[in-house]
Amino acid sequence: MMQSLDRQWNGQPSETSVQYLLSVEQNRLEFRAVFPSGSRCHPEAVAGEFTPELWRWDVAEYFIAGRAYLEVNLAPNGAWWIQGFSDVRELDSQFDLSLLDVQSDPEELRISIGLDGLERYLGPRSQWRGNVTAIINSPEYQYLSMIRLSGNQADFHQPSVFARNFWIEG
């Protein structure tokens, strides 16, 4: 069942929302999103393909933290992006996207990653913490977050406050 991401990063209600489902299905972590009408994609985003800097336009995201952390982006057209971080906003030079077994279905706005690759990178899933976020309404950005985040401006890179049990077992 889809969840509604309808709160801003600071906990305030949002006038618009993104529907999402983050679930474990057949040994894969699957992420689906439904965007509000009028959502804007990165102008170079190709449906179903890896595209850097998706977060500069409308995007649904999730973060998973273990011994490192990942950011996974999904655009309204099904383009996607994934990056590993060794510490807060520090790109992980050891991160190898090819080890994650990424599959995408742009028609259903879905991306999935094999749990085996995720556990090799992040450690045991019993220790994972995460957050689901979205950036919508570009260029008048609204930053949505499942978890209320601290600070004076939106910053999704706060793995220390990520939640346990942030996905649904399918």
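Everything below is about the structure shown above.
Conventions used here
Residues numbered from 1 in each chain as written. Predicted model: local features only at pLDDT ≥ 70, side-chain atom pairs only at ≥ 80, totals over all residues. Heavy atoms only, no water. Salt bridge = Lys/Arg side-chain N within 4 Å of Asp/Glu carboxyl O. Buried < 20%, exposed > 50% of the residue type's maximum accessible area, 1.4 Å probe, protein only. Core = buried A, V, L, I, M, F, W, Y, C linked by side-chain atoms within 4.5 Å. Helix = DSSP H or I, 4+ residues; strand = E, 2+ residues; numbered from the N terminus. Contact = heavy atoms within 4.5 Å.

Focus: the pattern of salt bridges
Per the stated rule, a full pass over the model turns up eight salt bridges. Ionic pairing is found between Arg-32 and Glu-30, a salt bridge with its closest N-O pair at 2.9 Å. Using a relative accessible area of 25% as the deciding quantity, one classes Arg-32 as partly exposed. Residue class for Glu-30 comes out buried when judged on its relative accessible area of 11%. Here Arg-110 ties to Asp-105 by a salt bridge, and the two come within 2.9 Å at their closest N and O atoms. Note on Asp-105: relative accessible area 21%, which makes it partly exposed. A cluster of three or more residues bridged by salt bridges with shared partners is formed by Glu-30, Arg-32, Asp-105, Glu-108 and Arg-110.

Some details on the nonpolar core
Ranked by internal contacts, the top residues of the largest apolar core, which has 34 residues, are Leu-29, Phe-31, Tyr-62, Ile-82 and Leu-118. When contributions to this core are tallied by element, the ones reaching two or more residues are strand E2 (13-25), strand E3 (28-34), strand E4 (59-65), strand E5 (69-74), strand E6 (80-87), strand E9 (110-114), helix H1 (115-122) and strand E10 (129-136). In this structure, Ile-82 is in contact with Phe-50, Leu-70, Glu-71, Val-72, Phe-95, Leu-97, Leu-100, Val-102, Ile-111 and Ile-113, ignoring residues within four places of it in sequence. Among the nonpolar cores identified, the runner-up in size contains 16 residues, and Tyr-69, Phe-85, Leu-149 and Phe-156 belong to it.

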